[in-house]
Amino acid sequence: MSGLGTIDIFIVGVYILSLVWIGLWTKQRAARGVDSYFLGERKMRWWMLAMSGSSSYWDVTGTMWIVSLLCIMGMKAMWHQWIWGFPLPVFFAFFMGKWINKSKVLTAAEWMKTRFGEDRAGNSARFAYAILAIVTVTGFLAYAAVGMGKFGTQFLPFSKNVCSALILGTTGIYIIFGGFHSLIITEVVQTIIMSVGAVIICIIAFTHMDPAALAQKAGNSFYSLSVHWKEPGLAETEFFLFGALAVAWVSKGLLLCFGGPEQLYDFQRFLSAKNEKDASKLGLLWGVLHTLRWPMAMGIALLYLSGFLGVKDYESVLPVVINQFLPVGVRGIVLAALLAAFMATFNSTVNAGASYLVVDIYKKYLNPNAAQKQLVYAGYISSFLLIVAGIAIGATAQSIHKVFQWIMAALGAGVLLPNFLRWYWWRLNGWGFTAGVLVGIGASLVQAAFFSSAPLYIYFPVIAGIGLVASVIVSYATPPTDENVLLDFYKTIQPAGLWGPVKRQAKKLFPEFKKKSFRISLLNVVVGIPWLFSLWVFPMYLVSHAYGRAAVFAGITVILSIVLYFTWYRKEIKPA
């Protein structure tokens, strides 16, 4: 291991062996059945689910990507975070978590029967969503493989692809056998380790940062969050037309948040919650626990910008700084923390992806009468196949940014509006959803194959528009969803938006039914977005010695926290 002392190797080795032991220890509980293997029998505590969800967002590959963007754009990089819907915890807390929890299904694909029924149209929507989820999961595993390959080469005497296979293969052992129980327990531990590692990096960066060197290398605009249509300082990068990109990033992020989790592991956490209140609480804590990731990423970027030269690949800044700057022992702790961050995301992705293969493909179409033990063994095999596929595809990719950009911007755009419409427009039916998703996936593949160099602000609205048109045309060309299915969905989930005909029918048939107002939830979202943004941004400014800006955003955080106490906690959570 290059650059690692005996103490570092010991710390990392003990950590990895402990996680493998947890996976094997929980194997028997996970093997009780498919509900246990994928949802922990819906008995996990809400704060554990929140810690798990938050740690799943701490992936090393994503952190390397964030550090690289901070090095290029400074604080303006926070605008780029909209592309993955950074305010998602706010939406989870104030309404989306409750909507998901009420459906009581095993996967986000199975949720389609709640919205579209179980006829041919509903089953087509479920199948299309499962395919979308599997494609996306495989893409994210490839994305993880690229990042861990680059990360591993700084510490292991192997090539990028060999490092990727070793790290992903070792990590896969405990998630394959331990299932959701192993996932949650290890991610609680990982959240603690990651938080300790993040604090260590923040302290080191704060004490060793050279403001004068930073100003000389990065310029005075480093701290600015202001948006201009053109950024002369980014003229040599793909971010020159920053205003156009910011519009695309924010639009995509908001639509994603209102449409709920597209796939992956987010749905799992809220389906696993015991009740609606727990789902709301875990959504908010999810966002709060994720706070330390941002000053940690800023700390790494500051250490690099304040004095490190010679790294040509911005995406490798994170491991290079850790390897060259941190002292022995501390390096082992931080490395264990970052491995924890990787494992959290990787394991959540594998377990969620396997759930689609088992529940929505194998059980639904290949073996409807499968016993619980058979489904658990199918989970083992599915997890293994996904890991292998991720390693294989990741071996062909070179850039974290390009892989992530395609997943979130191209593929994400193709399925964005069908996912949005499913909650807010009664006339969208199963066939319309299927058409929008499959056409959107096709359009994203065409973009990757023939228009990979096109700017995001051009291809994003084109791909999103194609998916929207397909959904609307096919929905109107085919019969609406069965009235009983729509009424049951409307009464149970109580969605917002264009539900007029269903609402009138519900009042006629069920005069005692009263739908909760969506206005207070929307108000909390409006307050919650700047609250979460300020919560994440103020420690970034603090680490970088920008005390005035840190104080402003800390003040906004405190004021909006008080507002949310009265508008959300007192009204939604505290009542018995």
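This one's a predicted model, so the numbers in the text were calculated from it and none came from an experiment. (Residues numbered from 1 in each chain as written. Predicted model: local features only at pLDDT ≥ 70, side-chain atom pairs only at ≥ 80, totals over all residues. Heavy atoms only, no water.)

**Concerning the overall build of the chain**
When you go through the chain residue by residue, the secondary structure sums to 25 helices and 0 strands. Looking at the chain as a whole, 61% of its 576 residues qualify as buried. For the chain, the proportion of contacts with a sequence separation of at least 24, taken over those separated by at least 6, is 82%. When the accessible area of the chain is evaluated, it comes to approximately 21,600 Å², of which 67% is carbon and sulfur surface. (Helix = DSSP H or I, 4+ residues; strand = E, 2+ residues; numbered from the N terminus. Buried < 20%, exposed > 50% of the residue type's maximum accessible area, 1.4 Å probe, protein only. Contact = heavy atoms within 4.5 Å. Areas by Shrake-Rupley, 256 points an atom, 1.4 Å probe, with all protein chains shown as cover.)

**Regarding the pattern of salt bridges**
A full pass over the atoms with the stated rule returns 4 salt bridges. Where Lys 98 meets Glu 572, a salt bridge forms, and the shortest distance between an N and an O atom there is 3.3 Å. Of this pair, Lys 98 sits in helix α7 (residues 88-101) while Glu 572 is found in helix α25 (residues 547-573), placing the two residues 474 residues apart along the sequence. The buried category is assigned to Lys 98, whose relative accessible area is 14%. The exposure class of Glu 572 is partly exposed, given its relative accessible area of 23%. (Salt bridge = Lys/Arg side-chain N within 4 Å of Asp/Glu carboxyl O.)

**Brief notes about the side chain of Glu 110**
When you line up the elements, Glu 110 lands in the loop between α7 and α8 (112-116). Judged by relative accessible area, Glu 110 falls into the buried class, the value being 12%. Residue contacts for Glu 110: discarding those within four places in its chain leaves Val 105, Arg 126, Val 359 and Asp 360.

**Details of the confidence of the model for the chain**
Of the residues in the chain, 86% have a pLDDT of 70 or more, and the chain-wide mean is 82. No element of the chain has a lower mean pLDDT than helix α2 (residues 27-30), which averages 52, and none a higher one than helix α24 (residues 519-543), which averages 96. (pLDDT = per-residue confidence, 0-100.)

**Focus: the packing of helix α5 (residues 60-73) against helix α16 (residues 317-325)**
One can describe the packing of α5 onto α16 by two numbers: an axis separation of 8 Å at closest approach and a directional angle of 95°. The angle between the axes of α5 and α16 places the two elements in the roughly perpendicular class. Seen from α5, the contacting residues are Val 60, Thr 63, Met 64, Val 67 and Cys 71; seen from α16, they are Val 317, Leu 318 and Pro 319. A class-by-class count of the residues in the contact of α5 with α16 yields 7 nonpolar, 1 polar and no charged. (Axes fitted to C-alpha atoms, helices over the stretch in contact; angles between N-to-C directions. Parallel < 35°, antiparallel > 145°, perpendicular 65-115°, else oblique. Nonpolar A, V, L, I, M, F, W, Y, C, P; charged D, E, K, R; others polar.)

**Notes on the environment of Trp 568**
Following the sequence through the fold, Trp 568 ends up in helix α25. With 43 residues separating them along the chain, Trp 568 and Val 525 place their C-alpha atoms 10.0 Å apart. Residue contacts for Trp 568: discarding those within four places in its chain leaves Ala 93, Phe 94, Ser 280, Lys 281, Leu 284, Asn 524 and Ile 573.

**Considerations on the packing of aromatic side chains**
Per the stated rule, a full pass over the model turns up 39 aromatic pairs. Here Phe 258 and Tyr 424 contribute two aromatic rings whose centre-to-centre distance is 6.3 Å and whose plane-to-plane angle is 70°, an arrangement assigned as edge-to-face. Of this pair, Phe 258 sits in helix α12 (residues 242-259) while Tyr 424 is found in helix α19 (residues 400-424), placing the two residues 166 residues apart along the sequence. Ring centres 5.1 Å apart and planes at 25° place the aromatic pair Trp 294 and Trp 536 in the stacked group. Separated by 242 residues along the polypeptide, Trp 294 in helix α15 (residues 293-307) and Trp 536 in helix α24 bring together distant segments of the chain. This pair shows no difference in class: Trp 294 is buried, exactly as Trp 536 is. Sitting above the plane of the Phe 489 ring, Arg 115 keeps its charged end 5.6 Å from the centroid. It is Arg 293 that lies over the ring of Trp 294; its NZ or CZ is 5.7 Å from the centre. (Phe/Tyr/Trp six-rings, centres within 6.5 Å; stacked < 30°, edge-to-face > 60°. Lys NZ or Arg CZ within 6 Å of the ring centre and 35° of its normal.)

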